[in-house]
Each structure stands twice: as C-alpha cells, then as structure tokens.
Amino acid sequence: MKDCRQFYIDGAWVHPAGVDELPVINPATEERIATISLGTAKDVDKAVAAAKRAFESYSETGPDSRLALLQRIIEVYQPRVGDLAETISREMGAPIWLSRAAQAPVGLRHLSEMVRVLGSFKFEELKGSTLLRKEPIGVCGLITPWNWPMNQIVCKVAPALAAGCTMVLKPSEIAPLSAYLFTEILHEAGVPAGVFNMVNGDGPTVGSAIASHPDVAMVSFTGSTRAGVAVASAAAPTVKRVTQELGGKSANIILDDADLEKAVKEGVHGCFLNTGQSCDAPTRILVPRSKMTQAAAAARQAAAATKAGDPFTKGTNIGPVASAAQFEKVQRLIKKGIEEGAELVAGGAGRPDGISKGYFVKPTVFAGVRGEMTIAREEIFGPVLSIIPYEDEDDAVTSRMTAPMGYRAT
Ligand code: NAD
C-alpha cells in the first residue's frame, strides 16, 4: 500500500502540519490502496509562501527556458504513461483501456499543445505608441476533480508554467495518487523549487484556504457547481481572478432525418464513456416524439451490450463509479427517475447482476423523460441516460434549455 502522506512544498516532500488522514479507496474492490494526509490552512500558507518566493525569479525567466522545461517534463512523462494509467484505473475506476488510451496520455497532449503555443506566443506587442505586455499573474491556486484527474491537472499546470506563474495544486482527495506521480515527474524534470507545490486535503479546508488566500492571485477550479459557488465566494473578498469549469447536463438532439439507430447508439456510448463521469457527457438524448419507441429499443440494445466490470478485465466497457458517495447519489437519482414516472428501459437500481462488491452501477436508460423530471435536470454523473421526446425543432431547442446549468440550492 502506498504511503502518500507527504506534501510537495518548495521542491521537497514534507510532512503535513496536521495529523488527519484519509484512506484512498479502490472503487472496484472497496479496499484501501493508499493513505493521504488532509492538509490544513497552515500547509497552504507554507505552500503559497514558497510559490510567492519562487515567483520573483520564475516570472523573469524567458519563454525559451520555460519551453525547455515543458519539453523536459514531456520526456519524463512519456515513459510513465503506463504507471499513470494503472494508477488512475485503481484510484477512480476507469477501465484500463480508457486510462491507457486517454486518461493518462491526455496530459502529454496538454503539454505538447503548450509547447506549440509558447513557441510563437507574443508576450509583447506594440500597438501604435502603446506597448502591450502580457505578464504572469502571480501565484495560481489550482483545484481539480477526480473524473479525468490527469487531464484536469495538466491542463492547469502546463499553461501556468508556460506563462511564468507559480502554483499550489490541490488535487481531488478521491483520486490523489496520479497527482503524486505527476508531482514526481515535475520534480524529476527539474521544475525549480517553489514553482509547483502540491497540498492534499478536502475542499472546505484546503480548497477554501487556497481560494481565500490573499497571496493567491488567481484560482482555477474544475468541479461541481456547488463547490464552484463556494470557491467564488471565498475568493471574492481578495478580488482574485477566478476561472471555473463546472457541472453539465449536455443535450444530444437527434433530428428527424438522422439515422436514428446509429445516432442513439453513439449517444449511449458517449453518455456511458468513463462510466458517465464526464462534465460534457451527452446525458440527455432528445428525439422526435414519434420515434421514442424506436429510440428506446436502440438504447436498450446499446445498454445491454455495455459490460460493467473490473477495470483491469478485458472486455469491460465501464468500471465502477469513483466513490461510495457517487454510488449513493446515482442510486438515489435512478430511484427518483422511477418514482417520477420515467420509463425504465435498461438497468435500474442496484449493482449489475453477478457483482456484489464495488461501486458498480447498471448501465441505465430512461425513456419518455419529461423536462421537469429530476433526472432531466440534475447532473447524475453515472451511466444513466434520459431520452426526452420533442414535438418539433423549436421545441427541441427550448427543451434543451430546461436543464439548469446554474446552482440549485435544493
Ligand atoms: P467537487 O466539486 O466535489 O470537487 C472538485 C474539487 O473541489 C475537489 O478537489 C474538492 O476537494 C474541491 N472542493 C470541494 N468543495 C470545495 C470548497 N468548498 N472549496 C474549495 N474546493 C472545494 O467535484 P468532483 O465530485 O470532484 O467532480 C465532479 C464534478 O466536477 C461534476 O459536477 C463535473 O461535472 C465537474 N467537472 C466539470 C468539468 C468541466 O470541465 N466543466 C470537468 C470535470 C468535472
């Protein structure tokens, strides 16, 4: 079992200020696979102070040296893609084929893209008699979720490094192990001390301390709408820059003249990819009312062909959802769909047949869903699809708007 109780501050692995710990659970087995420490505001202070000191020199480096650093990170990252893939599958349950094809290598794509952009980026431009100079903003606070852990982390770290910023990362406490490996990669690649710092912990403590810290100039947050609201509120008194990517409930409108069966099957796969845990998953399929029966039949077939199982077993299409809390939430919403009168055409509550352990969910499809139903409006973040009928294209566009993208207190 991996001991991941240290934080990475000022170029070194250090002991946390507090004593609280959290087990990291493999969602396929419900077993502890590692332990992390839960940081405190003191750890955040220490990390921010290191990043602030490092900013003085790192912000003055030229684009060429930052380009060389990014290239060195790519070199160190490449041979560790396999390790990262296995770690991601163990910490959050993505099937290993998905971790190898996307979850782990996507970090390389972000780094390569940053190399490309930085190669020709103009930090200074003369506009008439005005010299426009783009400067690094300062210490960045980076807070990330568990669903695409490496994607979320690297798409924040790579541009911050390219711009000349320093940073403090708080990865998701549900999937912190890939962040550990990534930190090792940055260390080995020679990122200067203090430029990148990593503190583990929960959102209300470490996340909130980062968001409200007076020496953090900007927060980049990806996660739930609920936590996004908390981050924006915590950041407001220090008037820092806040960028957010929050929850989603994407609509997939299938038009009358489409190849219905093909479009529905592709829609089901899109919704179930990564076990339905993507912010851009097309979780609502809108079909012409006259084609609801056909669409439901095609979706039932696609769901039946979706195999939920052990992430490391060949033939598995979807793994478990990432945590016990996520499992409970998905179960609650499936039951709510049934209670509110949606037609269950595949899956349903409980684990898939033959599975008695792990946070596995049946690939589930509801047909005849109405816009006001909870499952049409709330982000479920599991392999659960809603098929919603529409009358004509105007109605489809209007229905698309019914799912609230904003925060709902209830
Ligand atoms: P989450 O909001 O629970 O957690 C995300 C991160 O925020 C974690 O590191 C968590 O510790 C931290 N956090 C939680 N409460 C906080 C607080 N009060 N202050 C500061 N930080 C806090 O989300 P999650 O469950 O990890 O991820 C799933 C959610 O993320 C879904 O809603 C999904 O749609 C969203 N997401 C969005 C995108 C996007 O690009 N739009 C991408 C991935 C995930």
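Since we're looking at a predicted model, the values are computed, not measured.

Quick word on the state of the cysteines
Thinking step 1. Per the stated rule, a full pass over the model turns up zero disulfides.
Thinking step 2. Between C155, a free cysteine, and C279, which holds the nearest cysteine sulfur, the sulfur-to-sulfur gap is 9.8 Å.
Thinking step 3. Not part of a disulfide, C165 finds its nearest cysteine sulfur in C140, a span of 4.0 Å.
Thinking step 4. Looking at C165, the relative accessible area reads 5%, which means it is buried.

What to know about the site of the ligand
Thinking step 1. Among the 28 residues in the neighbourhood of the ligand, the closest are listed as T144, E173, S224, L246 and E379.
Thinking step 2. A distance of 3.3 Å is found between an oxygen atom of the ligand and a backbone nitrogen or oxygen belonging to G203.
Thinking step 3. In the environment of the ligand, an oxygen atom lies 3.3 Å from a nitrogen or oxygen atom belonging to the side chain of R226.
Thinking step 4. Residue assignment for the shell around the ligand shows that the elements contributing at least two residues are α8 (203–212), β11 (218–222) and α9 (225–235).

Digging into the pattern of salt bridges
Thinking step 1. Applying the stated criterion to the full structure yields 20 salt bridges.
Thinking step 2. Between K291 and D256 there is a salt bridge; the shortest N-O distance is 3.3 Å. Of this pair, K291 sits in the loop between β14 (284–288) and α11 (292–304) while D256 sits in the loop between β13 (251–253) and α10 (260–272), and the two are 35 residues apart along the sequence.
Thinking step 3. Among the ionic contacts, a cluster of salt bridges with common partners joins D3, R5 and E21.

Thoughts on the environment of G354
Thinking step 1. Residue placement: G354 occurs in the loop between β15 (343–346) and β16 (364–367).
Thinking step 2. In this structure, the C-alpha to C-alpha distance between G354 and A217, residues 137 residues apart in sequence, is 51 Å.

So, the sheet that holds strand β5 (residues 31–37)
Thinking step 1. Pairing is mixed across the open sheet formed by three strands, whose spatial order is β1-β5-β4. Two strands lie at the open edges of the sheet, namely β1 (2–4) and β4 (21–26), each paired on one side alone. Taking each pair of neighbouring strands and ignoring which way they run, the sheet shows an average axis angle of 30°.
Thinking step 2. Sheet strands touched by helix α7 (residues 177–189): β1, β4 and β5. Its angle to β1, the strand with the most contacts, is close to 75°.

Describing a negative patch on the surface
Thinking step 1. Residues D257, D392, E393 and D394 make up a contiguous surface patch of negative charge.
Thinking step 2. Within the secondary structure layout, D257 lies in the loop between β13 and α10.

Things to note about the sheet that holds β13
Thinking step 1. The sheet built from five strands is open, its strands ordered β13-β14-β17-β16-β15 with mixed pairing. The open sheet has two edge strands with one neighbour each: β13 and β15. For this sheet, the mean angle separating the axes of adjacent strands, direction not counted, is 25°.
Thinking step 2. Examined bridge by bridge, β16 and strand β17 (residues 384–390) share three bridges and lie parallel to one another. Paired with F366 across the strands is S386, a residue of β17.
Thinking step 3. Across the sheet, α11 touches β14, β15, β16 and β17, and the angle it forms with β17 is around 170°.

Criteria and cut-off values
Residues numbered from 1 in each chain as written. Predicted model: local features only at pLDDT ≥ 70, side-chain atom pairs only at ≥ 80, totals over all residues. Heavy atoms only, no water. Disulfide = S-S within 2.5 Å. Buried < 20%, exposed > 50% of the residue type's maximum accessible area, 1.4 Å probe, protein only. Near = heavy atom within 4 Å. Polar contact = N/O pair within 3.5 Å; in protein donor to acceptor, adjacent residues only side chain to side chain. Helix = DSSP H or I, 4+ residues; strand = E, 2+ residues; numbered from the N terminus. Salt bridge = Lys/Arg side-chain N within 4 Å of Asp/Glu carboxyl O. Pairing = 2+ DSSP bridges. Axes fitted to C-alpha atoms, helices over the stretch in contact; angles between N-to-C directions. Contact = heavy atoms within 4.5 Å. Patch = residues over 30% accessible without salt bridge, like charges linked within 9 Å, V, L, I, M, F, W, Y side chains within 5 Å. Areas by Shrake-Rupley, 256 points an atom, 1.4 Å probe, with all protein chains shown as cover. Lys, Arg positive; Asp, Glu negative; His and termini not counted. Charge placed at Lys NZ, Arg CZ, Asp CG, Glu CD.

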